[in-house]
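So the chains spell out like this:
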Number of protein chains: 2
Amino acid sequence: INHKVGAKDLQVYREYTSFAIAVFRFVVIFLLHMLAFVEFPSSLSLSADLRQPSEPVTVPCWLTQSIEIMCLLILLIDNVIKMHLLGGFYFVRHKWDMGAVIIIIVSIIDWIVSFSLGCTEYIRFRRILRPYFILQNSSLMKKIVNCLRMTLPEVISVLLLLALHLFVFTLFGMLLFPEYEAAPSNVTMYLINSSTPGPVPTPSEGHQYFHSLLDSLVSLLVLLTTANNPDVTMPAYSRNRYASLFFILYLFIGLYCLMNMLLAVIYNQFRGYFLSSMQSSLLRRRLGVRAAFEVLRRKKCDIQGSENSAEGTIEVGVGGHVIKSIVGKSLLPKHIKSVLIENLERREDYVFSATEFQKLFYCLDSDVVHKQKPAVTWCASPRWRMVQRVFLHKYFTYFGILMAFINLIIITVQLGAKYDSSFRESHSLLRIVNFSFVIYYLVEQAVKVWAFGWRRYLSDNGNKFDAFVTLALVIGEIYSASCYGLPYFPGSKEVVVHSSSSELWNVIRIINILIMVRMFRIIPHIKSMSLVTTVLVDLMKNMKSFAGVLIVIFYAFAIFGMELFHDVIKYDPSFENKTFECGTYEQLNYWANNFDDFFAAIVVLWDVMVVNNWHVFLQVFREKTSPWSYLFFIAWWLLSVIIVLNLFTALIMENFIMKWDRRHQIVQSAAALSSSY
Amino acid sequence: INHKVGAKDLQVYREYTSFAIAVFRFVVIFLLHMLAFVEFPSSLSLSADLRQPSEPVTVPCWLTQSIEIMCLLILLIDNVIKMHLLGGFYFVRHKWDMGAVIIIIVSIIDWIVSFSLGCTEYIRFRRILRPYFILQNSSLMKKIVNCLRMTLPEVISVLLLLALHLFVFTLFGMLLFPEYEAAPSNVTMYLINSSTPGPVPTPSEGHQYFHSLLDSLVSLLVLLTTANNPDVTMPAYSRNRYASLFFILYLFIGLYCLMNMLLAVIYNQFRGYFLSSMQSSLLRRRLGVRAAFEVLRRKKCDIQGSENSAEGTIEVGVGGHVIKSIVGKSLLPKHIKSVLIENLERREDYVFSATEFQKLFYCLDSDVVHKQKPAVTWCASPRWRMVQRVFLHKYFTYFGILMAFINLIIITVQLGAKYDSSFRESHSLLRIVNFSFVIYYLVEQAVKVWAFGWRRYLSDNGNKFDAFVTLALVIGEIYSASCYGLPYFPGSKEVVVHSSSSELWNVIRIINILIMVRMFRIIPHIKSMSLVTTVLVDLMKNMKSFAGVLIVIFYAFAIFGMELFHDVIKYDPSFENKTFECGTYEQLNYWANNFDDFFAAIVVLWDVMVVNNWHVFLQVFREKTSPWSYLFFIAWWLLSVIIVLNLFTALIMENFIMKWDRRHQIVQSAAALSSSY
C-alpha cells in the first residue's frame, strides 16, 4: 500500500479511485483524443479525395482550443491530486506519472503558443504527445510496454540479422543484375514519356530495380514484405529462369525464416503472460480478503476485548452475521453478492476462521456463474402442453435455423441472378420472399415467448438477440409496406420500377443485412466452431490493452505524418486527360490516400500496415518530398508490422493455448471425477 | 520387432536396412523426380518467356521413358522385398506400403499407355502420384502428415468460420456497394477499349469489384490475402470515407483474428512435437541397449551354464572385456566409440549389471561432443613467442573482422557512387582496393596458421571457412591479374575501359561476392545474433521432413497445373504495339509465368504462395480457360498458405522455444552447480 492512510486522505483516496472519477477521467482523455478529428485539418468531410475537394465542416477554433485546455487542466489537477496522495517523494520515483506532469506542462505551453498564432498551423507537438495519457492510465498497457522492452534485445538481434541479410542480398543483387546490360537510352526514353503508345521495350532488371544502392535496398525491402513480389523478379526471370532462384532464396530466408523467428521471439516473451497476470490479480485479491479478515477480527477484538482476552488472538474468528452485513453494504456485483449472502445465511451464527473466510470468497474467482433458468410454466390443458412441448424441443430451434438458412440461400441466388431488378422493383421476388420470411420469424418468436414464458425466454442471450433482430425486421417491413405497399398482389402485373428510389433501396438493404445477421445464431450450435468463437470473443475482452497500444501508435504516427506530409500531394485538373504509368499513385487513383486530415492519415497508415502496395506510397512521397520520407514509412512498418502485429499474433496464440489447456483440464478433471465414483 | 527373425532373413534384413541400400533408394527416388525437368515439356531452356521462345534442349524420349520404368521396377522390387520381410499379413495392414505397391502398378500401366502413344502428351497421371514415394520412405514425414490430419477438425472449423465471414461480408458488400450507382454505359465503354486515351471515369466500387456474386467473392477472398488491399477500397473510399470502415473491419476480423487463430490451432497441435519425437527415439535406443544386454547375458549363461547355475539369473552381468570387444566391432561413430572404449578400459574386469550397462551408453545420447583442441606449440625464442601471443589474441581476430568490414564499406560506397565505371575499367579504384585487401587477408591467414599450428587452426570450423574463402579470393585475383594486369600503376593514367568484357566483370563480381561472404564470420562474435543463428541452423537440420512435405505438394500441384493449363496463354507478336490495362497479366509482362514447363510451373506456384498479385493469375487463367480455374488456385492457396506456411511457422516457433528452454535449463543447472559448491 503506497498511498497515505490518514482518515481524511483515505476518504479522498477512496473518492479518487471511485468508479465515477475513473469514468470521468476516461471521458476527458477520450475527448482530448477525439479532438484530432475536428481540429484544424478537419476530417468531417465526406471524402478525403483530392479530386473532389469537399469543404469540411469546421468546428470553430475557440471551441476546440478551449476544450483542449480544459482537458489538459483537468488532467493536471488529476495528477496533482495523485501526487498529493502518493506523497511527493514516491511520486518522483514513478517515472510514468512524472512524465505525465511534464507532458501536460509542455502541452500547455505549446497550446499558448498555438493559441497566439491562430488555428491553421499543422505542427503542434502536443498532439503527438497526447496518447501518452492512454498509456499512463492503464496498468495492463504499461505491462505490455515493459514486456516489449524486455524482448527488445532479441528482437534487435533478429532485426540486425535481417538487415545484414538485406544488405548482403542488395550488394549481391547489384552485382548479379548490372544496370548497363540493357540499352539505357531507349529505356529512359520510355520511362520519361510513357504515355506515348508504342513498342514497349522491356527494361532490364538492373535498370528498373537495382538502379542505385538506395533503389536496390528499397526494392528488396519491399520484396521482403512481398508487396512487389512477382514484378521485381520478372525482368530478370524473363531473361534467365535461374534468376528466380536468387529471389526465392532471398524470400525464403528473409520472409519465412527470419520473420517467423521474430514472431517466435516475441511469442516466447509473452508465453505465460496471461497466466501470470491472472495469477497476480488472484494473489492480490486473496491478499485483500485476508487483510479484510484481519481488520474485522481486530475490530471485534477491540469491542469484545475485555471479555475474552484470555482466549487471546489464537482462535478468534469473525461471526457470520458481521460478514453478512458488510457484504450487504459492499459494492460487489449482484450475482456474487447473492451467492455470498446465500452461503452466509446457512450458517449465520458460525464463527469464521481465516481459511474459512478465504474459502467463502472463492466464488469471486469463478468466472462462470451458473444462473438458474426460470422453470417452464406448463399449460393446464394436456393438449396445449403437447403443443408447448413441440415448441420447446430443440428440433424447433433447428427448424428455425433451417428456415433462416433457406432464406439466406434465396437472397444469395436472387442477388446473383437478378441483382439489379431485385432492388429497384417494389414488387420483386426478393421482397415477397423476405416479407413472407419475416412473418414466419415473427410467428416463431411469438410462439417461443408463449412456450417458454417471458422470464425463461429472456434468460437466454441468444433469444434476446433473436427478439431484437426480429423486431427490427418487422419494423423495417412495416415501414416499407406503408411506403410502397404490400409486396403481394402487384395489381394486374404492373411492375413499378423505382429507378432512383434510394429509400426503398436502403430499406431493402437493411432488411437483407438483418436477415444475414440472424444467421449468426447458427454458430453456437456447431461444436468446434463455437470453441473457436468463444476464444475469439474472450480474446476481444482481453485485447483491451492491446487495442490501447494500437491506438497509441496509430495516433502518434498519424499526427506525425500529418505534420510531415500535409498538402504534399496536389491534384491538378489537367491530370484528368493524362495517362500515367501503371502502378503509380496517380494511375491507381489513390488520391484519397493522403495526410491532409487525421482520418485519411489513419487510413494510409492502415494501408501501409496491411503492407500490400505500400511501395506506391513510398514512391509518391519520395517524389513529392525527398528520399528521407522513406524513413517515416519504414519506421512505421517496423513498428506496426514487426512489433505490433507479431505481438497481436503472440497474444492470440497465448490466449488460445491457455483456453485450450484449461478446457482440457476441465475435461480431464471431469473424467477423473466420474471415474472416482 | 515386426520383421522375420530367421537367420537367413535376418541377414537379408540387415542388408535391406543397410546404409548403401538406403542411399541407393534415395538416388532412385531422386532420379524419378528429377525426370519432370527433362521430360517432354522440357525445362532446359534459358527462359520460359513466351515472347522469346527459345527451343529447349530435349532429352530423347526413349531415355526418359526407360529411366522412368527402371526406377519404377526398382521401387517395385524394393517393396516386394519389404513385403517378404515383414510378412504378407503385416504388410497388408500397413496402409502406406500397400498404397505404394498399388501406385507402382498403376504407374506401370500408365507408362505402357503413354509409351504406346508417343512422347508429347501432357496428361500422365503417374506423374502426380510420384511424390508419394517421398512420403512413404520417411517416417518423420508420415508423422507430420498424421499430425496435420489430427489437427484437421479444428482447422476446418476455423476455415468454416472464415468462409462464413467471407460469405456474409460478400453479401454485405454487394448490398452496400450496388452496381448501378455509376453510369454503367460509360464505364463499360472504358473497360472495353481502355487503350484510347481520354478522360478516365472513375468506375464505382460496385461495378468494379462487386459486379456479380462470383466477382464479389473473389474480390474479398483476394483482399483476405491483402493482395489487392488499397485498390479494392479506393472507389468506395474516394466517394465516402466511412466505406473504409467496412474494409478495415473485414480485414481485421479475417486477416488478423481468424488467420492467427489458424496459426494458433496448428501450433497447438505441434507443441511438444520435437520433444516427443526426440523422447521416442531416445526410448527406442534405450530399449535397444537393454535388448543387447539381455542377448549378451543369455549367451554368457549358455557358455557358463553348468558352472554357476546356482547363482541363477539374479546377479548375472556382462563382463567388461566382452563389451569392449563387441564395441570394437560395431559400427558406431568414431568419437562415441573412443569414449566408450576409454570408459571400458578403466574397469576391464568389472561385471556390468543392466543399469550399469545402460549408464555406459548414456554417452550416445549426449549430442555435444567436446573435442579437445590441440595445444598451441609455442616458439622457443621468447621474442617470437611474444609475436605469436599477439596473433593468438582475440583482438587480432577482431581486427581482421574490422578490416573485412572496412572493405565491405568501401565496396558499398564504390557501388553506390561509381556503379558503372567500377566494373568496366580494369584499373578502377575498386579493383585496387580489393587487391590490397586480398593481400591482407592472405597474410592474415598465413600468420594465423603459423601462430596456431596446422592442427589447431583446422580444428576450428570458422578458420576452415576463412581459409577456403581466402584461397578462392587469391585464385580470383591471380586470374584477373594475369588477364588484365595488376590494378596498380595504370601506366601514365591511361584508363582501359572494357565496355563489353563480361569476363572481367564476372571475375570482379565473384571477388566482391566472396568478400561479402567473408563477412559472415562476424555472426558468431555477436552473442544474441549467434543464438538466433544457431537456432536457424539447427532448424534447417530439423526441417528435412518439412522440406519433404513442401516438395511433395509443390511437385504434385506443379504437374497437375501443367496438365490443366499447359499452352493456355499464348503470346501474339501484335501485342508488342498494344497498351494493356494496368494490372493485367499482359501489362505486367508476366509472360514467363506459365504452366508450359515444370520449372515455370513451380515458379508460378511459388508466386501464388507468396500471395502478392496472385489475383493477376486468377484473372488471366479465368479469361483463358473458365472460372473453374479459380478452384485450382484457391486449393493451392489453402494448402500452401493456410496449411504449409502455418505449419512452418509452428515448427520454427516450437524449435526456437525448445532451444530457448534448454539453454535456460543449462544456464540454471550451471548456476545451481556453482552455488552448490
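Look up: the structure comes first, before these words.
Overview of the structure. Owing to the predicted nature of the structure, the values given are computational and were not obtained by experimental measurement. (Residues numbered from 1 in each chain as written. Chains lettered and ligands numbered in written order. Predicted model: local features only at pLDDT ≥ 70, side-chain atom pairs only at ≥ 80, totals over all residues. Heavy atoms only, no water.)

As for the interface of chain A and chain B
So the rule is basically this: Two residues qualify as a contact provided that any one of their heavy atoms is within 4.5 Å of a heavy atom in the partner residue. Buried area is understood as the total, over both parts, of accessible area removed when two parts are fitted together, assessed with a 1.4 Å probe. The salt bridge criterion pairs a side-chain nitrogen of Lys or Arg with a carboxyl oxygen of Asp or Glu, the two atoms within 4 Å. We call two N or O atoms a polar contact when they sit within 3.5 Å, provided that within protein one can donate a hydrogen and the other can accept it, with sequence-adjacent residues counted only if both atoms are side-chain atoms. In this classification, the charged set is Asp, Glu, Lys and Arg, the nonpolar set is Ala, Val, Leu, Ile, Met, Phe, Trp, Tyr, Cys and Pro, and all remaining amino acids, among them Gly, are polar.
Counting from both sides, the interface comprises 115 residues of chain A and, opposite them, 114 residues of chain B. Counting each side, the surface lost to burial between chain A and chain B is near 10800 Å², with a carbon and sulfur contribution of 69%. Inspection of the region where chain A meets chain B yields two salt bridges. Among the ionic pairs, Asp-597 of chain A bridges to Arg-241 of chain B, the shortest N-O distance being 2.9 Å. Inspection of the region where chain A meets chain B yields 12 residue pairs in polar contact (both at pLDDT 80 or more). For the side of chain A that touches chain B, a count of residues per class yields 70 nonpolar, 30 polar and 15 charged.

Points about the relation of the copies chain A and chain B
How we decide: To superpose the copies, least squares is applied to the C-alpha atoms of every residue with a pLDDT of at least 70 in both.
Mapping chain A onto chain B leaves a residual RMSD of 0.1 Å; the transformation is a rotation of 180° accompanied by 0.0 Å of translation along its axis. Overall, the copies show the geometry of a two-fold rotation axis. The rotation axis passes nearest to the C-alpha of Cys-582 of chain A in chain A, at a distance of 2.6 Å. Most of the interface of chain A is mirrored in chain B, where 99% of its interface residues again form contacts.

A short note on unusual backbone geometry
Residues and elements named next belong to chain A. Put simply, the rule reads: Think of it this way: any DSSP run of H or I at least four residues long counts as a helix, any run of E at least two long counts as a strand, and we number them from the N terminus. Exposed residues in this analysis have more than 50% of their type's maximum accessible area, buried residues have under 20%, and partly exposed residues fall in between, with area computed by a 1.4 Å probe over protein chains only.
Positive phi, close to 65°, is recorded for Thr-226, a residue that is not glycine. Its place among the elements puts Thr-226 in the loop between helix 12 (213–224) and helix 13 (229–239). For Thr-226, a relative accessible area of 13% puts it in the buried group.

Some points on the packing of helix 18 (residues 382–392) of chain B against helix 21 (residues 429–452) of chain B
All names here are of chain B. The condition is simple: Where helices are involved, their axes are fitted lines through C-alpha atoms of the stretch in contact, as for all axes, and angles between N-to-C directions lie from 0 to 180°. By definition, turning the near helix anticlockwise from the far helix through less than a right angle yields a left-handed crossing, and turning it clockwise yields a right-handed one.
Between helix 18 and helix 21, the least distance of the axes is 9 Å, while the angle of their chain directions is 120°. The two elements helix 18 and helix 21 meet at a crossing, and its hand is left-handed. Seen from helix 18, the contacting residues are Trp-384, Val-387, Gln-388, Phe-391 and Leu-392; seen from helix 21, they are Val-447, Trp-450, Ala-451 and Phe-452. Per-class residue counts for the contact of helix 18 with helix 21 are eight nonpolar, one polar and no charged.

Structural notes on the environment of Ile-652 of chain A
With respect to the helices and strands, the residue Ile-652 of chain A is situated in helix 30 (residues 629–676). For Ile-652 of chain A, a relative accessible area of 0% puts it in the buried group. Along the sequence, Ile-652 of chain A and Tyr-267 of chain A sit 385 residues apart, while their C-alpha atoms lie 9.8 Å from each other. Not counting chain neighbours up to four residues away, the residues in contact with Ile-652 of chain A comprise Leu-539 and Met-543 of chain A together with Tyr-256, Cys-257, Asn-260 and Met-261 of chain B.

Concerning the packing of aromatic side chains
The geometry of an aromatic ring pair comes down to the distance between the two centres and the angle between the two planes. Filter applied, for reference: Stacked, tilted and edge-to-face pairs are distinguished by plane angle, under 30 degrees for stacked and over 60 for edge-to-face with tilted covering the rest, among Phe, Tyr and Trp rings (Trp via its six-membered ring) whose centres lie within 6.5 Å.
Tallying each qualifying case throughout the model produces 73 aromatic pairs over all chains. Ring centres of Tyr-132 of chain A and Phe-133 of chain A lie 6.5 Å apart, and the angle between their planes is 85°; on these two criteria the pair is classed as edge-to-face.

Describing the state of the cysteines
Two cysteines form a disulfide when their sulfur atoms are joined by a covalent bond. Under the convention used in this document: Disulfides are defined in this document as cysteine sulfur pairs within 2.5 Å.
Inspection of every chain in the model, using the stated rule, returns one disulfide over all chains. Here Cys-582 of chain A connects covalently by a disulfide to Cys-582 of chain B, the sulfurs 1.7 Å from one another. The chirality of the disulfide connecting Cys-582 of chain A with Cys-582 of chain B is left-handed, given an S-S dihedral of about -80°. In this pair, Cys-582 of chain A is assigned in the loop between helix 27 (544–565) and helix 28 (598–610) and Cys-582 of chain B in the loop between helix 26 (544–565) and helix 27 (598–610), connecting two distinct chains. Looking at Cys-582 of chain B, the relative accessible area reads 25%, which means it is partly exposed.

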